[in-house]
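Descriptive structure summary
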Amino acid sequence: MAGFGPRDEEAFMVHWKTRVLGDEAVMARTVLVKGEVAGNVVSFPSPVTRRREVGYWIGREFWGRGVATAALKRFLDEEPTRPLFAGVVKHNVGSIRVLEKCGFRVVDEEVAPAGARDDGLEEVLLRLD
C-alpha cells in the first residue's frame, strides 16, 4: 500500500517481532488462503500522523482474487477504532480500490508528512468513519 521497499528476511523478522507483534497497540492478523499464508493485515497508532492507521500486505500470487478485500473486511469487524485511516501511494490503484470496497473514502491527496518518507512519492489518504 505505502510503497516501501522490501527488507531482507532477517530485518523483516526483527521488525515483525519487535515493532509489530511486540507492541500491544498494534493489532495484527495473518491472512490465510486454504491454509497457506497469503499475507497480513495490521492496525497501529502512527507516530508521525498520530492517527490509527491500517495496512496490509498480500503476496503477489494472491492478487486479483479478492483476497485483500475479504481479509480487510474481516479485519475491520475486529478493529473498532473509527475513524481509521490508510495512506496509499497514489499509483497503487489496486489498494485504493480495496480500501474503497471496504468503506474507506479519499479525504486528501498529499505528499507524506515531513519525516515520514524521503522518496517524494505522493500518497492518498483514506478514512473510514
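Presented here is a report on the structure given in the accompanying data block. All values reported here derive from a predicted model rather than from experimental measurement.

**Some remarks on the side chain of Ser46**
Topologically, Ser46 is positioned in the loop between strand 2 (36-45) and strand 3 (52-58). By relative accessible area, Ser46 is classed as buried at 9%. Sequence-distant contacts of Ser46, defined by excluding residues within four places in its chain, comprise Arg51 and Glu53.

**Some details on the packing of helix 2 (residues 67-78) against helix 3 (residues 93-101)**
At a closest axis distance of 9 Å, the pairing of helix 2 and helix 3 adopts a crossing angle of 40 degrees. Judged by the inter-axis angle, helix 2 sits oblique to helix 3. Considering how the two elements wind past one another, helix 2 and helix 3 form a crossing that is right-handed. In contact with Ala68, Thr69, Leu72 and Lys73 of helix 2, helix 3 contributes Val98, Leu99 and Lys101. Within the contact of helix 2 with helix 3, the residues separate by chemical class into four nonpolar, one polar and two charged.

**Observations concerning the pattern of salt bridges**
Counted by the stated rule, this structure contains five salt bridges. One salt bridge connects Glu79 with Arg52, and the closest N-O pair in it is separated by 3.1 Å. In this pair, Glu79 is assigned in the loop between helix 2 and strand 4 (84-89) and Arg52 in strand 3, connecting sequence segments 27 residues apart. Comparing Glu79 with Arg52, the two get one shared label, buried. With its nearest N and O atoms 2.5 Å apart, the salt bridge here joins Asp129 to Arg127. The class for Asp129 is exposed, based on a relative accessible area of 63%.

Definitions and limits used
Residues numbered from 1 in each chain as written. Predicted model: local features only at pLDDT ≥ 70, side-chain atom pairs only at ≥ 80, totals over all residues. Heavy atoms only, no water. Helix = DSSP H or I, 4+ residues; strand = E, 2+ residues; numbered from the N terminus. Buried < 20%, exposed > 50% of the residue type's maximum accessible area, 1.4 Å probe, protein only. Contact = heavy atoms within 4.5 Å. Axes fitted to C-alpha atoms, helices over the stretch in contact; angles between N-to-C directions. Parallel < 35°, antiparallel > 145°, perpendicular 65-115°, else oblique. Left-handed = near helix turned anticlockwise from the far one by under 90°. Nonpolar A, V, L, I, M, F, W, Y, C, P; charged D, E, K, R; others polar. Salt bridge = Lys/Arg side-chain N within 4 Å of Asp/Glu carboxyl O.

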